[in-house]
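Architecture at a glance
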Amino acid sequence: MASHSDRRRFLKRGGALASFVIGTVRSLRGQTPAREAVLKDNLAYGQPSPFDNTIRRTLGQATAISDTALTTPLQDLDGIITPSGLHFLMDHVKGVPDIDPKQHRLLIHGMVDHPLNYTMDELKRLPSVSRIYFLECNANNRPLRGQNGESVQNVHGRTSCSEWTGVLLSVLLNECGVQKEASWIVAEGSDANKYTMSIPLAKAMDDILVAYAQNGEAVRPQQGYPVRLVVPGWEAIRSVKWLSRIKVVDQPYMAWHESGNNADTIPNGKGLWYRFEVGPNSVITRPSGGQRLPGRGFYEITGLAWTGGGAVTKVEVSVDGGRSYKEAELQQPVHRFAHTRFRFPWTWNGEEAVLQSRSTDERGEVQPTIAEAAKNLGVSPDYFYQADHFNGVQPWKVNRDGSIQNALFL
Amino acid sequence: MRYFSSLLIAVIVLSFCAAALAQGRAYQLGTTPSEEEIKARDIAISPDGKELPPGSGTAKEGATLFAQKCAACHGPNGNGGGLTRGIVPLGNAKPVKIPFSLVPYATTVWDFINRAMPQSKPGSLTTDEVYAATAYVLYRNDIIKETDVLDAKSLPKVRMPNRDNFVPVQPGWKPGQKRPFGYYP
């Protein structure tokens, strides 16, 4: 059965390849109009090689976008930019709205001197900037997520990094004239739930982007088309997608998604609150869980580091489960609030090894191990099994047969 | 001469005003929305409830509404169904009280029901229905009585059991500051 489907896949691939070789004009002939349109569009918008077109986000059991997580296949990607179609997606709003940009308006009002309504065309006429920023869900790297914490995509795939283009929110707020009593903004999306988040005004006036482009193209619908907030370094729940309204206010509004659905409870019954910036983080993406080393010899260990504190300044790699660390090479330039690629040479001697990384950021914050994080919070390590907001060191165990597994709870 | 200097002062004052008005409108893009448009779109409710519209409802009225418009997803008694989270923790056999539901203000509940419920037709409830549904959810969590009337005045005064149970990881921490080792975020 398996070999049959393998064979079919091979034949399909061969067919696709043949059409490449023979030439596109001839292959277009004799097709149905719909098929011809697809083939033509594949010419107009380049596609990956048929030999290498299997990199996808995990769907799990999901068939619809609601109540699911589409995770970025970090183990298959290189460099620091996540292709837009592979950006992670956590659906909090029951589906992606279908928004006509000509009808879309961004309203800014509240404690401002002149409330203003912007069309997309007007937004795009304003001075713009392009910046490389990661977005990370606060539920990323929950250890052993579900029953299958086996791969880096499964455990860490809720972080992605793009070049975002848009207008600084401060430009828009200055146009409206923020009144001096104001201290927060409330941002709202135009999805079915009108997803809402409160953000301190100081951050809004600093570096938040009102982004309409991602990696050179229009922001994809799943990522907030036609316009979204990008809040650098902060948990991505505050980067409101499908942005339609900003109300300038004098207090946090405690909307649904930022209260009951976001706070973690700790053993004393209290809820942890106002966490904002993600912690220093890093993970080895290759070799990583679920992969298998074909044999002993040289491998380049590579991975990603990121932090809400600004720039990653150092990543250290251990091949002995944390007993000793050596500094990895960082891909230059290092961008603040962006994924940072690290690389580390390693020769596998065929024995068991535990590979892990640890990052340090520009303000001196250091990524903790799960034991260190648990000790500080006064919880047992398996607390993080259900909690969000975890940024512990991720160990991968290389077994003698070359197989690799998540070693966090081994 | 006196006339001329008054004129000059007037011109100076006028141009100063113009400059003040122009300040913040460097690009002269965007249009000024009408009061009505702002009012229609401004559905965010603050904890002090100052945006709450006129209207009222009780848990008793909410029970009828629940059967009609909510039970299809939330189960006939609010005990569960398609959803698993909410102020009535709907995945459980019977509603469990706080501390599961970490909601600091009753306005949060009103705001979310108003903007997002029912899921098949968000925003379709009348103001009175939103008050009634909020009252029903709070009553089912033993926060208010079945006959308590919720309106713009009484709703913000409802004290949620977890009002004071939200704490920062480190007291006094502000964005941009270095955090002690391991307390991230």
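It should be emphasised that the depicted structure is a prediction, and the values quoted were computed from it without experimental measurement.

1. Considering the packing of helix H3 (residues 59-74) of chain B against helix H5 (residues 127-140) of chain B
Residue and element names in this part refer to chain B. Contact geometry for H3 and H5: axes closest at 7 Å, N-to-C directions at 100 degrees. In terms of orientation, H3 lies roughly perpendicular with respect to H5. Residues Ala59, Glu61, Gly62, Ala63, Leu65, Phe66 and Cys70 of H3 lie in contact with H5, whose contacting residues are Glu129, Ala132, Ala133, Ala135, Tyr136 and Tyr139. Taken together, the residues that form the contact of H3 with H5 break down as 10 nonpolar, 1 polar and 2 charged.

2. Some remarks on unusual backbone geometry
For the peptide bond that leads from Tyr225 of chain A to Pro226 of chain A, omega is 5 degrees, which places it in the cis range. By the secondary structure assignment, Pro226 of chain A is in the loop between strand E10 (217-218) and strand E11 (228-230). A positive phi angle, close to 55 degrees, is found at Met254 of chain A, a residue other than glycine. Of note, Met254 of chain A is situated in the loop between strand E12 (243-249) and strand E13 (264-265). Phi is positive for Gln28 of chain B, close to 55 degrees, though the residue is something other than glycine. When you line up the elements, Gln28 of chain B lands in the loop between helix H1 (2-22) and helix H2 (35-41). Taking the number of C-beta atoms within 10 Å as the measure of exposure, Gln28 of chain B has 7 and is therefore exposed.

3. Describing the confidence of the model for chain A
Looking at chain A, pLDDT values average 87 and 85% of them are 70 or higher. Confidence drops under a pLDDT of 50 for residues 1-27 of chain A, and excluding neighbours within four residues, the segment shows 7 contacts in the predicted structure.

4. Quick notes on the interface of chain B and chain A
By a widespread convention, an interface's size corresponds to the accessible area lost as its parts come together. With 45 residues of chain B at the interface, the matching set in chain A holds 60 residues. Breaking the side of chain B that touches chain A down by element, the ones donating at least two residues are H2, helix H4 (106-116) and strand E3 (166-167) of chain B. No other element matches H4 of chain B, which puts 5 residues into the side of chain B that touches chain A.

5. Concerning the environment of Met117 of chain B
Residue and element names in this part refer to chain B. Position of Met117 relative to the elements: it lies in the loop between H4 and H5. Assessed through the 22 C-beta atoms surrounding it within 10 Å, Met117 is described here as buried. Those residues in contact with Met117, other than ones at most four positions away along the chain, are Pro122 and Leu125.

Rules used throughout
- All residue numbers refer to positions counted from 1 along the written sequence of the respective chain.
- The lettering of chains begins at A and the numbering of ligands begins at 1, in the order of writing.
- Per-residue local features are limited, in this predicted model, to residues with pLDDT of at least 70; the limit for side-chain atom pairs, both in listing and counting, is 80 or more; totals at the level of whole chains, interfaces and linings are taken over all residues.
- Axis lines are fitted to C-alpha atoms, over the contacting stretch for helices. Their N-to-C directions set the angle, which ranges from 0 to 180 degrees.
- The secondary structure listing takes helices from DSSP runs of H or I that are at least 4 residues long and strands from runs of E that are at least 2 residues long, numbered from the N terminus.
- In what follows, roughly perpendicular refers to angles from 65 to 115 degrees, roughly parallel to angles under 35, roughly antiparallel to angles over 145, and oblique to any angle outside these ranges.
- By the criterion used throughout, residues are in contact when their C-beta atoms, derived from the backbone, lie within 7 Å.
- Ten residue types, Ala, Val, Leu, Ile, Met, Phe, Trp, Tyr, Cys and Pro, are classed as nonpolar, four, Asp, Glu, Lys and Arg, as charged, and the remainder, Gly among them, as polar.
- Partly exposed residues are those whose C-beta has more than 12 but fewer than 20 other C-beta atoms within 10 Å; 20 or more makes a residue buried and 12 or fewer makes it exposed, with C-beta atoms placed from the backbone.
- Note on scores: pLDDT gives the predictor's confidence for each residue, bounded by 0 and 100.

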